[in-house]
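Examination of the molecular architecture
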Amino acid sequence: MREIRSIGDPVLRTPAEPVEAFDRELRKLIDDMFQAMYAVDGVGLAGPQIGVSRRLFVYDISGRKGHLINPVLTVDDPAEVLDEEGCLSVPDRRTGSPIYAPVARAAGVTVEGVDRLERPVRITARGSLARCFQHETDHLDGKLYVDRLPKNEARKIMQKA
């Protein structure tokens, strides 16, 4: 099973490269990502989180499951929604569990990309699915949720991670 990378690993701070090869290796990678995500009770996982600097993520949240390759996210409703958010790549060093904090995210988004067969995918989302898409897209851009927190809150989390 693929190891989930933790904060401090440079791959998490590097913008991911587009996926260009739609082959058996990519299909295996997506399956591996689901396996790694489920093994730790996650709801989303991006390529960089398992050390693969490619623009793709998997998700299973709010009754919706899937994957997106080369996603482009558009904010449809910029009203900010503050809710608890954690990350598999920002675990508490003592417990190994994600550290949660209130993070402001856009209320509604649309994400467009392709699936493993290069078929177009377009999903409009609100609520936890919209939050998940924003969180995973941030990973593809080399950002972590702590980057969206006030500096003093981010510092507290970094001391625990």
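Residues numbered from 1 in each chain as written. Predicted model: local features only at pLDDT ≥ 70, side-chain atom pairs only at ≥ 80, totals over all residues. Heavy atoms only, no water.

**Things to note about the pattern of salt bridges**
Proximity of charged atoms lets side chains of opposite charge pair with each other. In the structure shown here, the tally under the stated rule is 15 salt bridges. Measuring nitrogen to oxygen at the nearest pair gives 2.5 Å for the salt bridge that ties Arg13 to Asp147. With Arg13 in the segment before helix H1 (24-39) and Asp147 in the loop between helix H2 (127-140) and helix H3 (151-160), this pair connects stretches of sequence that are 134 residues apart. We classify Asp147 as partly exposed; its relative accessible area is 40%. The salt bridge involving Asp115 is made with Arg119; its shortest N-O contact spans 2.7 Å. Residue Arg119 is classed as partly exposed on the basis of its relative accessible area, which comes to 48%. (Salt bridge = Lys/Arg side-chain N within 4 Å of Asp/Glu carboxyl O. Helix = DSSP H or I, 4+ residues; strand = E, 2+ residues; numbered from the N terminus. Buried < 20%, exposed > 50% of the residue type's maximum accessible area, 1.4 Å probe, protein only.)

**Remarks on the packing of aromatic side chains**
In the structure shown here, the tally under the stated rule is 4 aromatic pairs. Ring centres of Tyr59 and Phe133 lie 5.0 Å apart, and the angle between their planes is 85 degrees; this geometry places the pair in the edge-to-face category. Of the two residues, Tyr59 sits in strand E2 (residues 56-61) while Phe133 sits in helix H2, which places them 74 residues apart along the sequence. Residue Phe133 is classed as buried on the basis of its relative accessible area, which comes to 0%. Here the aromatic cluster, defined as three or more aromatic residues joined through ring pairs, consists of Phe57, Tyr59 and Phe133. Above the plane of the ring of Phe34 lies Lys65, whose end atom (NZ or CZ) is 5.1 Å from the centre. (Phe/Tyr/Trp six-rings, centres within 6.5 Å; stacked < 30°, edge-to-face > 60°. Lys NZ or Arg CZ within 6 Å of the ring centre and 35° of its normal.)

Keep in mind these values describe shape, not function.
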